[in-house]
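# Analysis of the macromolecular model
Listed below are the residues making up each chain.
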Amino acid sequence: MRILSTFGQLPKTGLNLSLILVSALLEGFGLSLFIPLLHVLGGEESSALPPYLSKFLESLSDAGFIPNTINLLVLISALSIFALCFDYLQSKILIQTKNSYVFNLRNRVIGSFLAAKWRYSTQRPHGEVVSQITIECQRAGQALSSEVMAVATMILIVSSLIFSTVIYWKLTIMALVFGVFLFLVVLPFSRRADTLGKLTTRINKELSILVVEYLRALKLLKSTGNENIASRAVNQKNDESRECNSESELNGKKVYLVTRALPVLFLTFVIAISHEILNIPLSVTLVFVLFMLRIAPRAALVQQQLQTYYLHSPALLTVNELLKNARVEQEDLNVGGKIFKKLGNAISFDSVSFSYPAEKIPAIRGVNIRIKKNQIVGIVGSSGAGKTTIIDLITGLHKPDAGVIRIDGIDLKKVNLESWRQKLGLVTQETVTFNSSVRDNVKLFNRDASEGDIEKAIEAANLSGMTASLSDGMDTGLGESGARFSGGQRQRIALARAFLIKPELLLLDEATSALDNETERFVQDFIRGGAGGKTVLIIAHRLSTVRWADKIYVMEKGQIIEEGSYSELIALGGRFAELVMFEKSPN
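## Digging into the overall build of the protein
Looking only at helices and strands, one finds 20 helices and 10 strands in the protein. Relative to its length of 587 residues, the protein is extended, with a C-alpha radius of gyration of 36 Å against a globular reference of 25 Å. Its C-alpha atoms give the protein principal-axis dimensions of roughly 120 × 55 × 50 Å. For the protein, with 587 residues in total, the buried portion stands at 46%. Across the protein, every contact between residues at least 6 apart in sequence was considered, and the portion connecting residues at least 24 apart equals 78%. In the structure as shown, the protein presents an accessible area of about 29,600 Å², 58% of it carried by carbon and sulfur atoms. Charge centroids of the protein, computed over 63 positive and 54 negative side chains, lie 2 Å from each other.

Shown next as structure tokens:
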């Protein structure tokens, strides 16, 4: 990215530059006062002083200030100290602003990602999102900070050049010519830094994606002795990162070498010209050189700051692109819609159809389902029949292409989606647990739950015996992705979490697939009786799970082909009876 193309994005940029301008003026006046000081020390006439200094000293004399050695030294020291104080204040504000910017940017990235449509969220690799939050946001803040610092350093340089021009303009012309020459020498390195910055962004993203994916598959890799596959892939990408980072640092060192060496040659040239050709007074030459000694390291510094900007600025593009895309894909929660409080009658699907993008065949077609309050409804069918799509439509993750989903007769599109979702309990086959204690996992969606309610939820999920056997009880940690517990134990924790929020609709998507028969019967008994008559929708492959359902819908190829109670469907002798026969068959 070009320098200044992102200027002003960092908050308080104007304040930062104002403070550095004050610091530059104070420093310039302080250094300029060395000319009269050297005149006083050498016993020279004040008539040789630059006009602006003569007028300045006259004003001080009129105010009672005597420009002798002691007074000038005190004034120079005071101006220099004040300049340093303003410089420190500017640095402090910049550091605080940069870190606040990174903090807010990370919150915006995760917030926009969470607020985006489900379809958009599933299309972004999680490793990429992790890279954006942990690495690219930090690099973006570093880029903007370096940009402000580069401009601030330029202000210091320009201020010194202005004072130098007033002292002796011919030498300043030489300094400007040298500055242009230095810029042209460094320009190829700056372009290379920009290229390396884009490469760094790409490698960081790819590396994060690889690491996240292989960590998810760690059990599979270790169980099959294929850790070397992950190791090779990550090592290869890590090697690319190493080479890129090494070249970036080396490129910066080259700039440092050039910007430190050339100014030394220029200063020796200035002193020779001043003394041998221009016959400039020694005091003026020394102060001019003093200004150049301030400018030279700053010229080197501004080049380093530009290098840092070019190296990190590609992160701004990637983060801003994610934010832009997430805003475009922001989910409409219909915050002005009807607030859902309690299910009064039923949830119904009226001729609902839905197709996934780029899929020619609809996931579901003309589906009609009715889930009455306090009723247990099951949906069964072969894999790919559209059962889980029904769950996603109920939760509002997808919108119907045709037909209407009604909650107590009201179109779901007219309901405040957040209020509706907060009344749903969801347990899926892919159990979601977090690296914290059993208690924290159960209380995840109901932090204010009483101990009594927690115990009831634990008992309902048949977790009491398990927690009692743990050394730390409910405070036992689950480990990464619940690795310390079996699939069935994790599923029971997820069930307890869903029970604890006392949902108006409990959605169980293969939620008992990892449970043993005894625990499944225990949970079924609770759902039928102890759950207080909650409304439940069960998606199941294991048909025993829906044996006691009030109504069962059989799906095939996205359509409802049969409906009725367990006994009615068996008597019908259709597809459901066929599935039951296959399940009971020893072969």
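## A closer look at the sheet that holds strand β10 (residues 559-564)
Read across the open sheet, the six strands follow the order β6-β7-β8-β3-β9-β10; overall the sheet is mixed. Each of the sheet's edge strands pairs with one partner strand only, and the pair in question is β6 (424-428) and β10. Going across the sheet, the axis of each strand differs from the next one's by a mean of 15 degrees, ignoring polarity. Across the sheet, helix α12 (residues 387-394) is in contact with β3 (376-381), β6, β7 (505-509), β8 (535-540) and β9 (551-556); its angle to β8 comes to roughly 145 degrees. Of the strands in this sheet, β6 and β7 are in contact with helix α17 (residues 487-500), which crosses β6 at around 175 degrees.

## Comments concerning α12
Residues that lie three or four places apart on an α-helix share one face, since the helix turns once every 3.6 residues. Within α12, seven of the eight residues are buried, leaving the element largely enclosed by the surrounding structure. Among the residues making up α12, those that are buried are Lys387, Thr389, Ile390, Ile391, Asp392, Leu393 and Ile394. Immediately beyond the C-terminal end of α12, within one or two residues, lies glycine 396, with a positive phi of roughly 85 degrees.

## Points about the packing of aromatic side chains
For the structure shown, the criterion picks out six aromatic pairs. Arranged with centres 6.0 Å apart and planes meeting at 5 degrees, the rings of phenylalanine 163 and phenylalanine 291 form a pair that is stacked. Placement of the pair is phenylalanine 163 in helix α6 (residues 126-167) and phenylalanine 291 in helix α10 (residues 282-312), with a sequence separation of 128 residues. No difference in accessibility class separates phenylalanine 163 from phenylalanine 291, as the two residues are buried. On the numbers, 5.9 Å between centres and 65 degrees between planes, the contact of tyrosine 309 with tyrosine 310 is edge-to-face. For tyrosine 309, a relative accessible area of 0% puts it in the buried group. Judged by its relative accessible area of 14%, tyrosine 310 falls in the buried class.

## Some remarks on the layout of surface pockets
In this structure, the second largest pocket occupies an estimated 590 Å³ of space. Lining the second largest pocket are 26 residues, with Ile157, Gly179, Ala299, Val302 and Gln303 sitting closest to its centre. Broken down by secondary-structure element, the contributors of at least two residues to the lining of the second largest pocket are α6, α7 (169-216), α9 (227-278) and α10. Looking at the lining of the second largest pocket, its residues break down into 23 nonpolar, three polar and no charged.

## With respect to the sheet that holds strand β1 (residues 346-354)
What the four strands build is an open sheet, ordered β2-β1-β4-β5; its pairing is antiparallel. Both outer strands of the open sheet, β2 (364-372) and β5 (410-411), are each paired with one neighbouring strand and no more. Pairing geometry for β1 and β2, over six bridges, is antiparallel. From the neighbouring strand, isoleucine 347 faces β2, where its bridge partner is isoleucine 371.

## Side note on the pattern of salt bridges
Oppositely charged side chains can pair when the atoms bearing their charge come close. Across all of its chains, the model carries 19 salt bridges by this definition. Between aspartate 453 and lysine 502 there is a salt bridge, with its nearest N and O atoms 3.6 Å apart. Of the two residues, aspartate 453 is situated in helix α15 (residues 451-460) and lysine 502 in the loop between α17 and β7; the sequence distance between them amounts to 49 residues.

## Digging into the side chain of threonine 433
Structurally, threonine 433 can be placed in the loop between β6 and α14 (438-442). Not counting residues within four places of it along the chain, the set of residues in contact with threonine 433 comprises Asn441, Leu478, Ser481, Gly482, Arg490 and Arg497.

## Topic: the packing of α6 against helix α11 (residues 314-328)
For any two helices packed against each other, the geometry is given by the interaxial angle and the distance between the axes. Two elements in contact, α6 and α11, have axes separated by 8 Å at closest approach and are oriented at 125 degrees. One finds that α6 runs oblique with respect to α11. Seen along the crossing, α6 lies across α11 with a hand that is left-handed. Contacts from Gln132, Glu136, Cys137, Arg139, Ala140, Ala143 and Leu144 of α6 reach α11 at Ala315, Leu316, Thr318, Val319 and Leu322. The residue makeup of the contact of α6 with α11, split by class, is eight nonpolar, two polar and two charged.

## Observations regarding the packing of helix α1 (residues 13-32) against α6
Between α1 and α6, the shortest axis-to-axis distance is 9 Å and the interhelical angle comes to 30 degrees. Put simply, α1 runs roughly parallel to α6. Along this stretch, α1 crosses α6, giving a crossing that reads as right-handed. Counted together, Thr13, Asn16, Leu17, Ile20, Leu21, Ala24, Leu25, Glu27, Gly28, Phe29 and Ser32 of α1 and Val148, Val151, Ala152, Ile155, Leu156, Ser159, Ser160 and Phe163 of α6 form the full contact between these two elements.

## Quick notes on the nonpolar core
Membership of the largest hydrophobic core comes to 60 residues, with the highest contact counts inside it found for Tyr101, Leu105, Val109, Phe266, Phe291 and Met292. At the level of secondary structure, the elements contributing two or more residues to this core comprise α1, α4 (69-115), α6, α7, α9, α10 and α11. Broken down by element, the residue count for this core peaks at 15 residues, all from α6. Those residues in contact with leucine 105 that lie beyond four places of it in its chain are Cys137, Ala140, Val319 and Leu323. Leu463, Met466, Ile538 and Ala549 belong to the second-largest nonpolar core, a separate cluster that totals 40 residues.

Reading guide: rules and limits
- Residues numbered from 1 in each chain as written.
- Predicted model: local features only at pLDDT ≥ 70, side-chain atom pairs only at ≥ 80, totals over all residues.
- Heavy atoms only, no water.
- Helix = DSSP H or I, 4+ residues; strand = E, 2+ residues; numbered from the N terminus.
- Rg over C-alpha atoms; globule rule 2.2 N^0.38 Å.
- Buried < 20%, exposed > 50% of the residue type's maximum accessible area, 1.4 Å probe, protein only.
- Contact = heavy atoms within 4.5 Å.
- Areas by Shrake-Rupley, 256 points an atom, 1.4 Å probe, with all protein chains shown as cover.
- Lys, Arg positive; Asp, Glu negative; His and termini not counted.
- Charge placed at Lys NZ, Arg CZ, Asp CG, Glu CD.
- Pairing = 2+ DSSP bridges.
- Axes fitted to C-alpha atoms, helices over the stretch in contact; angles between N-to-C directions.
- Phe/Tyr/Trp six-rings, centres within 6.5 Å; stacked < 30°, edge-to-face > 60°.
- 1 Å grid on protein atoms, 1.4 Å probe; cavity = no way out; pocket = protein on both sides within 12 Å on 5 of 7 lines; lining within 4 Å.
- Points joined across faces, edges and corners; volume = space filled by probe spheres on them.
- Nonpolar A, V, L, I, M, F, W, Y, C, P; charged D, E, K, R; others polar.
- Salt bridge = Lys/Arg side-chain N within 4 Å of Asp/Glu carboxyl O.
- Parallel < 35°, antiparallel > 145°, perpendicular 65-115°, else oblique.
- Left-handed = near helix turned anticlockwise from the far one by under 90°.
- Core = buried A, V, L, I, M, F, W, Y, C linked by side-chain atoms within 4.5 Å.

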